[in-house]
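Now for the letters of each chain:
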Amino acid sequence: MFKETDIKDCTTCPFNAKAFKFLTKEELELVNKNRHEVAYKPGEIIFKQNSAYTHVVSFNRGLAKIYLEGYNGKQLIIRLVKPNEFIASPGLNPNSKHYYSISALEQSTVCFLETSVIKMIFKQNHIFQEMLMRDIHSYYSKTLQKLININQKHRHGRIAEALIYLSEEIYESEDFSLTISKRELADMAGISTESSFRILKELHDQGSIRIQKKHVEILDKGYLQQLSETG
């Protein structure tokens, strides 16, 4: 189960979301007084789809997945979450619900902040509001694009897109070890695990990637990009 970690000072925390640099010292102190830092083990749920939306999340350490829960336990992973990201809905409506779930993939820590406090700061700091909402809308725009790609691309294009995403945005290398399972890679592409295994083997056999257990090396990124774009 999760546990609350030692409280740190928001004014000196290196894991703050980018928009937090636009807060005054007094506003950071207000956030600090109204936050709860919680540690999660891999596999633990940070919040669940359809649960009450009372807090926003500042992701501090580790790696997590944002996913939609479907029928029969199926998941569609929208994206992964890295440190310094702020997770909230565009409207920050405290009477709403979470439309997706988040669970930890690695040992992770997050800060829960009351939506009422963030909305209070919005009223007096419009630059912070603008920067934070810009980031939130950017994430939602990427989510919509993800759903479009799932609908329009073939399975090979989806796997290629997932590998490029992991390489460029998560591991920042063309040679990396997966911290997600092969099933979660399939969930990112919106295909079955069996189809994912088959496509990865095809890409390995033709020399586009080298994959051994959970280690992946991208050998022909140009081909993967072409495959992703053409679907």
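None of these values were measured; they are calculated from a predicted model. (Residues numbered from 1 in each chain as written. Predicted model: local features only at pLDDT ≥ 70, side-chain atom pairs only at ≥ 80, totals over all residues. Heavy atoms only, no water.)

Peer 1: Go over the overall build of the protein, please, and point to the residues and values.
Peer 2: On a plain count of helices and strands, the protein comes out with seven helices and 12 strands. By the compact-globule yardstick of 17 Å for 231 residues, the protein fits well, its C-alpha radius of gyration being 19 Å. Principal-axis analysis of the C-alpha atoms gives the protein an extent of 60 × 35 × 30 Å. Evaluated residue by residue, the protein yields a buried proportion of 48% over its 231 residues. If you take every contact in the protein between residues at least 6 apart in sequence, the share linking residues at least 24 apart comes to 72%. Total accessible area on the protein stands at roughly 12,100 Å², and carbon and sulfur atoms take up 51% of it. If you average the places of the 31 positive and of the 28 negative side-chain charges in the protein, the two averages end up 4 Å apart. (Helix = DSSP H or I, 4+ residues; strand = E, 2+ residues; numbered from the N terminus. Rg over C-alpha atoms; globule rule 2.2 N^0.38 Å. Buried < 20%, exposed > 50% of the residue type's maximum accessible area, 1.4 Å probe, protein only. Contact = heavy atoms within 4.5 Å. Areas by Shrake-Rupley, 256 points an atom, 1.4 Å probe, with all protein chains shown as cover. Lys, Arg positive; Asp, Glu negative; His and termini not counted. Charge placed at Lys NZ, Arg CZ, Asp CG, Glu CD.)

Peer 1: Break down helix α2 (residues 115–124) for me, with residues and values.
Peer 2: Working note: α-helix, 3.6 residues per turn, so residues spaced by three or four point in the same direction. Along α2, the residues classified as buried are T115, V117, I118, I121 and F122. Buried positions in α2, seen along its axis, are confined to an arc of 160 degrees and lie on one side of it. Opposite the buried face of α2, by more than 90 degrees, sit the exposed residues K123 and Q124. Elements in contact with the buried residues of α2: α1 (25–33), β4 (55–61), β7 (85–87), β9 (108–114) and α3 (126–152). (Arc of directions from axis to C-beta.)

Peer 1: Would you mind going over the nonpolar core in detail, with residue names and values included?
Peer 2: With 31 residues, the main nonpolar core has L80 and L166 as its most contacted residues. Listing elements by their share of this core, those giving two or more residues are β6 (75–81), α4 (155–170), α5 (182–189), α6 (193–205), β11 (209–212), β12 (215–218) and α7 (221–230). Ranked by the residues each element gives to this core, the list is headed by α4, at eight residues. Ignoring any residue separated from it by four or fewer positions in sequence, one finds L80 in contact with L63, A64, K65, E85, L105, Y165, L166, I170 and I180. Within the second largest apolar cluster, 22 residues are counted, among which are C10, L23, M131 and M133. (Core = buried A, V, L, I, M, F, W, Y, C linked by side-chain atoms within 4.5 Å.)

Peer 1: Requested: an account of the pairing of β12, with residues and values cited.
Peer 2: The alternating pattern of β12 places V216 and I218 on a buried face, while none of H215 and E217, on the opposite face, is buried. Bridge analysis of strand β10 (residues 175–177) against β12 gives three bridges, and the strand direction is antiparallel. Looking at β12, one finds that S177 is bridged to H215. Pairing between β11 and β12: four bridges, direction antiparallel. Each residue of the ladder has a partner; that of I211, found in β12, is V216. Between β11 and the antiparallel strand that follows it, β12, lie two residues; K213 among them carries a positive phi value of about 55 degrees. (Pairing = 2+ DSSP bridges.)

Peer 1: Give me the lowdown on the sheet that holds β10, citing residues and values where you can.
Peer 2: Spatial ordering of the open sheet is given by β10-β12-β11, a layout of three strands whose pairing is antiparallel. Looking along the sheet, the strands with just one partner apiece sit at the ends: β10 and β11. Across the sheet, the mean angle from the axis of one strand to that of its neighbour is 15 degrees, orientation sign disregarded. (Axes fitted to C-alpha atoms, helices over the stretch in contact; angles between N-to-C directions.)

Peer 1: Let's hear about the environment of G70: which residues, and what values?
Peer 2: Along the chain, G70 turns up in the loop between β5 (64–69) and β6. Separated by 43 residues in the primary sequence, G70 and E27 have C-alpha atoms spaced 39 Å apart.

Peer 1: Please set out the packing of aromatic side chains residue by residue, giving values where relevant.
Peer 2: Centre-to-centre distance and the angle between the planes together describe a pair of aromatic rings. Overall, the coordinates contain five aromatic pairs when judged by the stated rule. Ring plane angle 50 degrees and centroid distance 5.7 Å describe the contact between F20 and F86, whose orientation is recorded as tilted. Pair noted here: F20 is in the loop between β1 (3–4) and α1 and F86 is in strand β7, with a separation of 66 residues, a long-range link. Exposure class is identical for F20 and F86. Each is buried. Residues F47 and Y100 carry aromatic rings whose centres are separated by 6.0 Å and whose planes lie at 35 degrees to one another, so their mutual orientation is tilted. Residue F47 is located in strand β3 (residues 45–47), and its partner Y100 is located in the loop between β7 and β8 (101–104); the two are separated by 53 residues in the primary sequence. Every member of this aromatic cluster is reached through a ring pair, and the members are F20, F86, F122 and F128. Over the face of the ring belonging to Y67 we find K65, whose NZ or CZ atom lies 5.0 Å from the ring centre. Positioned above the aromatic ring of Y139, the side-chain terminus of R79 is 4.3 Å from the ring centre. (Phe/Tyr/Trp six-rings, centres within 6.5 Å; stacked < 30°, edge-to-face > 60°. Lys NZ or Arg CZ within 6 Å of the ring centre and 35° of its normal.)

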